[in-house]
Amino acid sequence: MEQNFFINEAFTIGIKNYLEKNNSNDFITNIIETLINIYGELDIINPYKTNTESGMGSFDENITKFGYSKENLSLFKQNVMNFYLTKENVPNKYFNKIEKDLIDMFFLKVKSVNTTDETFKKFESYLKFDDDRSLNKNEIRRYYNYKKRMLNTDIKYELEENNTLSKEAYEILNYSYDNIMNMNKEQLFDINNKVFDFFKIDQSKEDKYIRLEQAIMYYKEFGKLEDKKEENGYVEFLLLSGFIAISILTITIIVGVLAR
């Protein structure tokens, strides 16, 4: 007889464990507890009781209310299920993905509602900073601290004369800034396209320079681009939430002469 699950088997088991106060040390249960810490018990348990995954008053609606995208939520659900199916694997490649997803959800909430130091301490108590299931134990703590630091970061971007990007953008790709400054408009256009492509920045976006600066900051912190969530083909926007919610964000673009 086929069983009916809420979202998937992993979520059903995790919520049941939470309600029955069983397996509190189980990571699947910990995920549910962390979601409840972020969104509140009603937003997680009520959709379970009414079996409402999508639509009005649903699990999906509640999780995305602070700006978490539906695409990323779909991947999060899949990662939770994949972890459940491979939970005996230590380390587990889905562990860090899930922890980072939860951190993203939390900081979207922080940018949307008033929070206190106690809010951060409580959330931190649910994170597994030093768990053996992590592929890289330092990554989760560094990612959390990075997101916290970004809350108080006022990003300004100045487009230099002749439309050159920041010096760091070129140096990461091993381009000489002195050579860049001596390029003509066509050469510079070609190099700039390579920079945007390297950092996976969509140039059709109005905030592409802010996205680029945030991608550079992430690269400097972790020595790599932010991981893509690629389990079913979706690509996560690079730290887009930082642009959306930092209320003190100031964009200053000085457009210089297009040609020397």
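The shown structure was predicted, so the numbers you read here are calculated from the model rather than taken from an experiment.

Asks: Please clarify how the overall build of the protein chain should be interpreted in this entry.
Replies: Counting its regular elements, the protein chain contains 13 helices and zero strands. Helices (α) and strands (β) of the protein chain occur, in sequence order from the N terminus, as α-α-α-α-α-α-α-α-α-α-α-α-α. Within the span of the protein chain, comprising 260 residues, buried residues form 47% of the whole. Within the protein chain, counting contacts between residues at least 6 apart in sequence, those at least 24 apart form 64% of the total. For the protein chain, the exposed surface amounts to about 13900 Å²; the carbon and sulfur share of it is 46%.

Asks: What is the right way to read the confidence of the model for the protein chain from this model?
Replies: Detailed reading of the predicted coordinates is not advisable wherever pLDDT falls low. Averaged over every residue, the pLDDT of the protein chain is 82; residues scoring 70 or more account for 82%. Scored below 50 in pLDDT, residues 228-260 shows 83 contacts in the model against residues more than four places distant or in partner chains.

Asks: How do you make sense of the packing of aromatic side chains when you look at a structure like this?
Replies: In this description, a pair of aromatic rings is defined by centroid distance and the angle of the planes. Under the definition given, this model contains 25 aromatic pairs. For the ring pair Phe 106 and Phe 123, a centre distance of 3.9 Å and an interplane angle of 0° mean the geometry is stacked. Note that Phe 106 is positioned in helix α6 (residues 95-110) and Phe 123 in helix α7 (residues 117-124), a separation of 17 residues in sequence. Ring geometry for Phe 198 and Tyr 219: centres 5.9 Å apart, planes at 65°, overall edge-to-face. On the criterion of sequence distance, the pair formed by Phe 198 in helix α11 (residues 185-198) and Tyr 219 in helix α12 (residues 208-222) is long-range, its members being 21 residues apart. With a relative accessible area of 30%, Phe 198 lands in the partly exposed category.

Asks: Looking at this structure, I do not really get the environment of Phe 5. What am I missing?
Replies: Looking at where Phe 5 falls in the secondary structure, it is placed in the segment before α1 (9-20). Residues in contact with Phe 5, not counting those within four places in the same chain, are Thr 12 and Asn 51.

Rules behind the numbers
Residues numbered from 1 in each chain as written. Predicted model: local features only at pLDDT ≥ 70, side-chain atom pairs only at ≥ 80, totals over all residues. Heavy atoms only, no water. Helix = DSSP H or I, 4+ residues; strand = E, 2+ residues; numbered from the N terminus. Buried < 20%, exposed > 50% of the residue type's maximum accessible area, 1.4 Å probe, protein only. Contact = heavy atoms within 4.5 Å. Areas by Shrake-Rupley, 256 points an atom, 1.4 Å probe, with all protein chains shown as cover. pLDDT = per-residue confidence, 0-100. Phe/Tyr/Trp six-rings, centres within 6.5 Å; stacked < 30°, edge-to-face > 60°.

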